[in-house]
Amino acid sequence: MSDLSGKTTIVVGASRGLGHGIATAFAEAGSRVVAVSRTAAPITDPAGNTVPELADAGDPTVAGSLLDRYRPEVVVLAAGASPHMRPLQHQTWETFSVNWQTDVRIAFHWLREALLTPLRPGSRVIVVSSGAAMAGSPLSGGYAGAKATQRFITGYAQDEAKRAGLDITFSAVLPRITPVTELGRSAARAYAARDGRSEEEYLKQMGPLLTPEIAGSAMVELVRTEAAAVAPGYLLTETGLKKLP
């Protein structure tokens, strides 16, 4: 899939953060982009190939409906809820489980429908998880566990695709925390306060930052990679993608 011209990419969570950067990168690479989000957001698209879809990606009917309508070759799931940044004892079950009810739900519905439809041979599905899936995140309730589950079920989907003889490649991408997104800024403020440092001090020690533009370029690069060379999981940092064991 080195040439994305004439291909259709669905980006779920295209209105903000890394999802917005990913949608923009695919549009600039020549793909028709179906930008799925709860709220509208402009995508840099000189060719005018972006199709906005205002929808709740966690609705169990939305994934099947959009996959049937657009028949994409690429699906990128980058949507999720912002966790409640508090220590464990200051969480309620509702705040603790918000990412299970949102992020995991979205991944489950879309992965399930990608297998059931199924997507056409050669298709790619990328689930944007989080580096917290490996490192943990003590101030964000069930966030890290939910993101780890996203990674697990992406692997399950790949196994089921192979068992069914479907030529679909599933990958999980785990981005490093970055304060250039709304979620990352909230996390940076919370962890800086916990460490007794200013937000500026905390950000300085993080070094170079992952940006939506870097994320977008990395996702395009991943989709252009030969399927046989694609790994089940990747860490995404400011330097790009790194295969995970």
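What counts and what doesn't
One numbering rule holds for all chains: residues counted from 1, following each sequence as written. Whole-chain, interface and lining totals are the exception, using all residues; otherwise, since this is a predicted model, local features are given only for residues with pLDDT of at least 70 and side-chain atom pairs are given and counted only at 80 or more. The side-chain values count all of the structure's non-hydrogen atoms but skip hydrogen atoms and water molecules. Two strands are counted as paired when DSSP detects at least two bridges linking them. Helical segments are the DSSP runs of H or I of at least four residues, strand segments are the runs of E of at least two, and each set is numbered from the N terminus. Helix axes are fitted to C-alpha atoms over the stretch in contact, other axes to C-alpha atoms as well, and angles between N-to-C directions run from 0 to 180 degrees. The way it works is a 1 Å grid over only the protein atoms, where trapped points that fit a 1.4 Å probe form a cavity and open points with protein on both sides within 12 Å along at least five of seven lines form a pocket, and then any residue with an atom within 4 Å of a point lines it. Grid points are joined across faces, edges and corners, and a volume is the space filled by probe spheres set on the points. The classification used treats Ala, Val, Leu, Ile, Met, Phe, Trp, Tyr, Cys and Pro as nonpolar, Asp, Glu, Lys and Arg as charged, and all other residues, Gly among them, as polar. Throughout, a residue-residue contact means that at least one pair of heavy atoms, one from each residue, lies within 4.5 Å. For this analysis, a nonpolar core means a set of buried residues of the types Ala, Val, Leu, Ile, Met, Phe, Trp, Tyr and Cys, connected via side-chain atoms within 4.5 Å. Throughout this description, buried means an accessible area under 20% of the type-specific maximum (1.4 Å probe, protein chains only), exposed means over 50%, and partly exposed covers the range between. Relative orientations are named as follows: roughly parallel for angles under 35 degrees, roughly antiparallel for angles over 145 degrees, roughly perpendicular for angles from 65 to 115 degrees, and oblique for any other angle.

**Remarks on the sheet that holds strand 6 (residues 168-175)**
Now for step 1: In space, the eight strands of this open sheet follow the order 3-2-1-4-5-6-7-8, with mixed pairing throughout. Unpaired on one side and paired on the other, strand 3 (50-54) and strand 8 (240-243) mark the two borders of the sheet. Ignoring which end each strand starts from, the neighbouring axes of this sheet average 20° apart.
Now for step 2: Where strand 1 (residues 8-12) meets strand 4 (residues 74-77), four bridges bridge the pair, whose relative direction is parallel. Looking at the pairing, Thr-9 lines up with Val-74 of strand 4.

**Some points on the pairing of strand 8**
Now for step 1: Here four bridges tie strand 7 (residues 233-237) to strand 8, and the two strands are oriented antiparallel to one another. Residue pairing in the sheet places Leu-235 in a bridge with Lys-242 of strand 8.
Now for step 2: Hairpin connection of strand 7 to strand 8: two residues between the antiparallel strands.

**Here we look at empty space enclosed by the protein**
The probe, sized like a water molecule, is rolled over the atoms to show the empty space still left.
Now for step 1: Evaluated as defined, the whole model comprises one cavity of 30 Å³ or more.
Now for step 2: Forming the boundary of the largest cavity are Arg-124, Val-125, Ile-126, Thr-169, Ser-171, Leu-222, Val-223 and Val-230.
Now for step 3: At the level of secondary structure, the elements contributing two or more residues to the lining of the largest cavity comprise strand 5 (123-128), strand 6 and helix 9 (212-224).
Now for step 4: If you tally residues by element for the lining of the largest cavity, the top one is strand 5, at three residues.
Now for step 5: The residue makeup of the lining of the largest cavity, split by class, is five nonpolar, two polar and one charged.

**Brief notes about the environment of Ala-187**
Now for step 1: Among the structural elements, Ala-187 can be located in helix 7 (residues 182-195).
Now for step 2: Separated by 130 residues in the primary sequence, Ala-187 and Ala-57 place their C-alpha atoms 24 Å from one another.
Now for step 3: Ignoring any residue separated from it by four or fewer positions in sequence, one finds Ala-187 in contact with Met-85 and Ile-177.

**Things to note about the nonpolar core**
Now for step 1: Judged by nonpolar contacts, the single largest core of 29 residues is most densely connected at Ile-22, Phe-26, Val-76 and Met-219.
Now for step 2: Elements that contribute at least two residues to this core include exactly helix 1 (17-28), strand 2 (32-37), strand 4, strand 5, helix 9 and strand 7.

**Brief notes about the packing of helix 7 against helix 8 (residues 199-206)**
Now for step 1: The interhelical angle for the contact between helix 7 and helix 8, taken along N-to-C directions, is 110°, at an axis separation of 8 Å. By the angle between their directions, the pair helix 7 and helix 8 is classed as roughly perpendicular. For the pair helix 7 and helix 8, the contacting residues are Arg-185, Ala-188, Arg-189, Tyr-191, Ala-192 and Asp-195 in the first and Glu-199, Tyr-202 and Leu-203 in the second.
Now for step 2: By residue class, the composition of the contact of helix 7 with helix 8 is five nonpolar, no polar and four charged.

**Re the layout of surface pockets**
Now for step 1: In this model, the second largest pocket occupies a volume close to 190 Å³.
Now for step 2: Gln-158, Lys-162, Ile-168, Thr-169 and Phe-170 are, among the 15 residues lining the second largest pocket, the residues nearest its centre.
Now for step 3: Listing elements by their share of the lining of the second largest pocket, those giving two or more residues are helix 6 (143-163) and strand 6.
Now for step 4: For the lining of the second largest pocket, the leading source of residues is helix 6, giving five residues.
Now for step 5: Considered class by class, the residues forming the lining of the second largest pocket number seven nonpolar, five polar and three charged.

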